[in-house]
Amino acid sequence: MEFKLKSFKKELEVLRMANVHYFEFTNKYHTASDRHPFRELIYVDSGTLTVRSDGYEGALTKNSLIIHKAMEAHSLKCPDDAPCNVIIIGFECKCEALDRFSSQVTELDGEQQNLLSEIIRDGRSVFLPPYDQPSLKDMKKRQSFPFGADQMIKIKLELLLINLVQASNSAPHATPSFIPQSKISDVTDYLNQNYHSQLSLDELCFLFKTNKTSLCSHFKQAHQCTIIDYVNRLRIKDAKMHLREGKLNITQISQALGFSSIHYFSRIFKKYTGFSPAAYTLSLKSKFDLPF
């Protein structure tokens, strides 16, 4: 008798993805009403966000999410007195069981938060920056990324969504607290790969499920410097290389390395080298007797 292979029933499948963002919205930030042909997951990592849509109008607080349906009009607004950190993931999924999350706010438990943080981390390895521009319509993928990373985003997002549906179908349960200690080696690897992007402590704490006090304290013990100092040293090392190559101007280098402005870049460059970027370039020309 031959073995009989059994197929799987696909209750839910993520078909395509539009974007995977982590935003640090300033106070008073707001968007105009918008709609698009895919679902949009909105999750608040810190602060409070006001959501207005066809299915829901109200506040979205820390550790909670809502999932807009495809073509559902929606807008966002931050409070006048406080910023908020928000994750937005646009994806195509035709499972009607997700429709309920467009009209109800769902608070994530520790396991669900972990899945979401892993999706953001995998997204950084697959998609190119910027990761914090709401108007970005075409989020480009890297030419190469770790084996399976692209598929893992799909799998983990499907797992999160299935988990949400199953939890919604079951009896209410208490949300456990979940703040495990982050592995500094993992944080360091992440910084080494993403220092050219705009990073924040809030984002790192979310991605590695820790808090600012523990993260900063353990990182400084491991590296004898702060996270900001570590990232800036990586950026300035790259900046010096770009200035030696001469292919990019100072403004382009500043943007490529994730500095918020050319003035901030110049100030940090001088702090670590003793020269402004322009003076450093002149010193190279003088040293090697290059023509101006």
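The coordinates are above.
Residues numbered from 1 in each chain as written. Predicted model: local features only at pLDDT ≥ 70, side-chain atom pairs only at ≥ 80, totals over all residues. Heavy atoms only, no water.

Comments concerning the packing of aromatic side chains
Next, step 1: By the definition in use, this model includes 11 aromatic pairs.
Next, step 2: Aromatic side chains tyrosine 190 and phenylalanine 208 sit 5.6 Å apart centroid to centroid with 80 degrees between the ring planes, which places their arrangement in the edge-to-face category. You can see tyrosine 190 sitting in helix H3 (residues 184-194) and its partner phenylalanine 208 sitting in the loop between helix H4 (201-207) and helix H5 (212-223), a full 18 residues away along the chain.
Next, step 3: Judged by relative accessible area, which is 7%, phenylalanine 208 ranks as buried.
Next, step 4: Summarising the aromatic geometry, the rings of phenylalanine 219 and tyrosine 230 are spaced 5.4 Å apart at their centres and angled 85 degrees between planes, so their arrangement reads as edge-to-face. Of this pair, phenylalanine 219 sits in helix H5 while tyrosine 230 sits in helix H6 (residues 227-245), and the two are 11 residues apart along the sequence. Summarising the burial analysis for this pair, phenylalanine 219 and tyrosine 230 share the class buried.
Next, step 5: In textbook terms, an aromatic cluster arises when at least three aromatic residues are bridged by ring pairs, as seen for Phe259, Tyr264, Phe265, Phe269, Phe275 and Tyr280.
Next, step 6: Cation over ring: arginine 235 sits above phenylalanine 259, and NZ or CZ is 5.1 Å from the ring centre. (Phe/Tyr/Trp six-rings, centres within 6.5 Å; stacked < 30°, edge-to-face > 60°. Helix = DSSP H or I, 4+ residues; strand = E, 2+ residues; numbered from the N terminus. Buried < 20%, exposed > 50% of the residue type's maximum accessible area, 1.4 Å probe, protein only. Lys NZ or Arg CZ within 6 Å of the ring centre and 35° of its normal.)

Quick notes on helix H8 (residues 262-273)
Next, step 1: Spanning 12 residues, H8 covers 16 Å between terminal C-alpha atoms, matching the ideal 16 Å at 1.5 Å per step.
Next, step 2: Residues of H8 that are buried: Phe265, Ile268 and Phe269. Axial view of H8: buried residues confined to an arc of 105 degrees, hence all on one face. Facing away from the buried side of H8 by more than 90 degrees, the exposed set consists of His263, Arg267, Lys270 and Lys271. (Expected span 1.5 Å × (residues − 1). Arc of directions from axis to C-beta.)

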